[in-house]
Amino acid sequence: MTQLSTRNLFGMKIDAVRMPEAVARLQQWIARPDGHCRYVVTPNVDHTVVFQQDAGLRAAYADADLVLADGFPVVLAARLLGRTLPERVAGSDLVPALFDVATPERPLRVFLLGAAPGVGDRAANNIHQRWKSAQVVATYSPPLGFEHDADENAKIMKLIAAANADVLVVGLGAPKQELWVHRFHRELAVPVALCVGATIDFLAGEKARAPRWMQRSGLEWLHRCWTDPRRLVRRYARDAMIFPQLVWREWRATT
Ligand code: UDP
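Residues numbered from 1 in each chain as written. Predicted model: local features only at pLDDT ≥ 70, side-chain atom pairs only at ≥ 80, totals over all residues. Heavy atoms only, no water.

Asks: Please explain the overall build of the protein as it appears in this structure.
Replies: Secondary structure summary: the protein contains twelve helices and eight strands in total. Scaling as 2.2 N^0.38, a compact globule of 255 residues should have a C-alpha radius of gyration of about 18 Å, and the protein matches this with 18 Å. With respect to the principal axes defined by its C-alpha atoms, the protein has extents near 50 × 45 × 40 Å. Classification of the 255 residues of the protein by burial places 51% in the buried group. Taking contacts inside the protein between residues at least 6 apart in sequence as the whole, the part at least 24 apart equals 73%. Per element, the accessible surface of the protein, about 12,700 Å² overall, is 53% carbon and sulfur. When the 32 basic and 26 acidic side-chain charges of the protein are each reduced to a single mean position, those positions are 4 Å apart. (Helix = DSSP H or I, 4+ residues; strand = E, 2+ residues; numbered from the N terminus. Rg over C-alpha atoms; globule rule 2.2 N^0.38 Å. Buried < 20%, exposed > 50% of the residue type's maximum accessible area, 1.4 Å probe, protein only. Contact = heavy atoms within 4.5 Å. Areas by Shrake-Rupley, 256 points an atom, 1.4 Å probe, with all protein chains shown as cover. Lys, Arg positive; Asp, Glu negative; His and termini not counted. Charge placed at Lys NZ, Arg CZ, Asp CG, Glu CD.)

Right, here's the structure in full:
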């Protein structure tokens, strides 16, 4: 497999890929499983900020097999710093793009892990209606605090092993999903895990994604803030303070 080129940004090594290359890479891993789980992380502004303080998230990123620029501001900062990334590859776009390439000859077996109870099943219904060759073989919504419960983690490992899925879609929010997948990736019996935040909610129609024009003009964060202000306003306010400082620091360090 050819080595992808990467860009060093804010301490992260982001893969310089477009969506079709990212999907092709996942397909290769799924087609030739070798008993080891490869996982994907998708940095946005919030991850970038948390990454500076959280050694666990840094370790999870260091071992990730694919690091995709999810946030438009990350792509923009990369361009300003002369480390251009070819395009934004959001986790919420990656999952449908992977479903798009499933065929009746090679259907994709999917495990949806995370989101509130019932949301995974609603997502599965929508997926089956839209993609004939994507089969949701299992869903599971872990209870609050599951990550601290050894029995619960063992149960999830067993569910994953029994499902014999090609891909594990992990929607537990950041940085929990990255820390959890990193902690267990050597035990996960699935060739690929995708840490993709609210994607299961989007697939279920539980949360609406921003309109295309907002996504394309880098305003998806504004839409999310608008639709979930209680949870996101404080986080985005902090990120809006810190992220420009990180860009400035990085710019100073390279000039
Ligand atoms: N979530 C979950 N279990 C948890 C924490 C969060 O299933 O212990 C789910 C939550 O229901 C939602 C998703 O994780 O579906 C949060 O995704 P989002 O991208 O909004 O979180 P962020 O990464 O922005 O924190």
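More follows now that the structure is in view.
Asks: What is the right way to read the site of the ligand from this model?
Replies: Not every one of the 15 residues close to the ligand is listed here, only the nearest: K176, D201, R224, R231 and R235. Here an oxygen atom of the ligand and a backbone polar atom of A115 are 2.8 Å apart. Within the contact set of the ligand, an oxygen atom lies 2.8 Å away from a backbone nitrogen or oxygen of A174. For the ligand, the protein covers 81% of the area, taking 540 Å² as the surface of the free molecule. Along the lines of polarity and charge, the residues of the shell around the ligand split into five nonpolar, four polar and six charged. (Near = heavy atom within 4 Å. Polar contact = N/O pair within 3.5 Å; in protein donor to acceptor, adjacent residues only side chain to side chain. Nonpolar A, V, L, I, M, F, W, Y, C, P; charged D, E, K, R; others polar.)

Asks: Hey, could you run me through the sheet that holds strand β7 (residues 167–171) in this one?
Replies: The pairing of strands in a sheet comes from backbone hydrogen bonds and takes either a parallel or an antiparallel form. Spatially, six strands are ordered β4-β3-β8-β7-β5-β6 in an open sheet, and the strand pairing comes out parallel. Where the open sheet ends on each side, the last strands, each with one partner, are β4 (66–67) and β6 (134–140). Direction of pairing for strand β3 (residues 38–41) relative to β4: parallel, over a ladder of two bridges. For V41, the partnering residue across the bridge sits in β4 and is V67. (Pairing = 2+ DSSP bridges.)

Asks: For this particular structure, what's the right way to read the environment of F243?
Replies: Secondary-structure assignment places F243 in helix α12 (residues 229–254). For the pair F243 and R230, spaced 13 residues apart in sequence, the C-alpha separation works out to 21 Å. Leaving out residues up to four positions away in the same chain, F243 has contacts with F10, V45, T48, V49, P73, V74 and A77.

Asks: Is there a simple way to think about helix α7 (residues 150–163) in this case?
Replies: Side chains that are three or four residues apart share a direction in an α-helix, a result of its 3.6 residues per turn. Over its 14 residues, α7 extends 20 Å from the first C-alpha to the last, a length consistent with the 20 Å expected when each residue adds 1.5 Å. The inward-facing, buried residues of α7 abut β5 (108–114), β6, β7 and α8 (176–184). Among the residues of α7, the N-terminal cap falls to D149, whose side-chain oxygen and the backbone nitrogen of D151 are separated by 3.0 Å. Positive phi appears at N164, one or two residues downstream of α7, with a value of about 50°. (Expected span 1.5 Å × (residues − 1).)

Asks: Please explain the side chain of H182 as it appears in this structure.
Replies: Here H182 shows up in helix α8. Note on H182: relative accessible area 17%, which makes it buried. In this view, H182 contacts Y39, A59, A60 and D63; residues no more than four positions away in its chain are not counted.

Asks: Looking at this structure, how should I read the pairing of β5?
Replies: Note on strand geometry: in a regular strand, side chains alternate between the two faces of the sheet. Summarising burial for β5: six of the seven residues are buried, a large majority. In this structure, β5 lies alongside β6, joined through six bridges in parallel fashion. Paired with F111 across the two strands is A138, which belongs to β6. A crossover connection joins β5 to the parallel β6 through helix α6 (residues 119–130); in handedness this β-α-β unit is right-handed. The sheet contact formed by β5 and β7 spans five bridges and is parallel. Bridged to L112 within β7 is V169. (Right-handed = clockwise from strand over helix to strand, strands pointing away.)

Asks: Explain the state of the cysteines here, please?
Replies: Per the counting criterion, the structure on display carries zero disulfides. C37 forms no disulfide, and the closest cysteine sulfur to it belongs to C195, at a distance of 8.8 Å. (Disulfide = S-S within 2.5 Å.)

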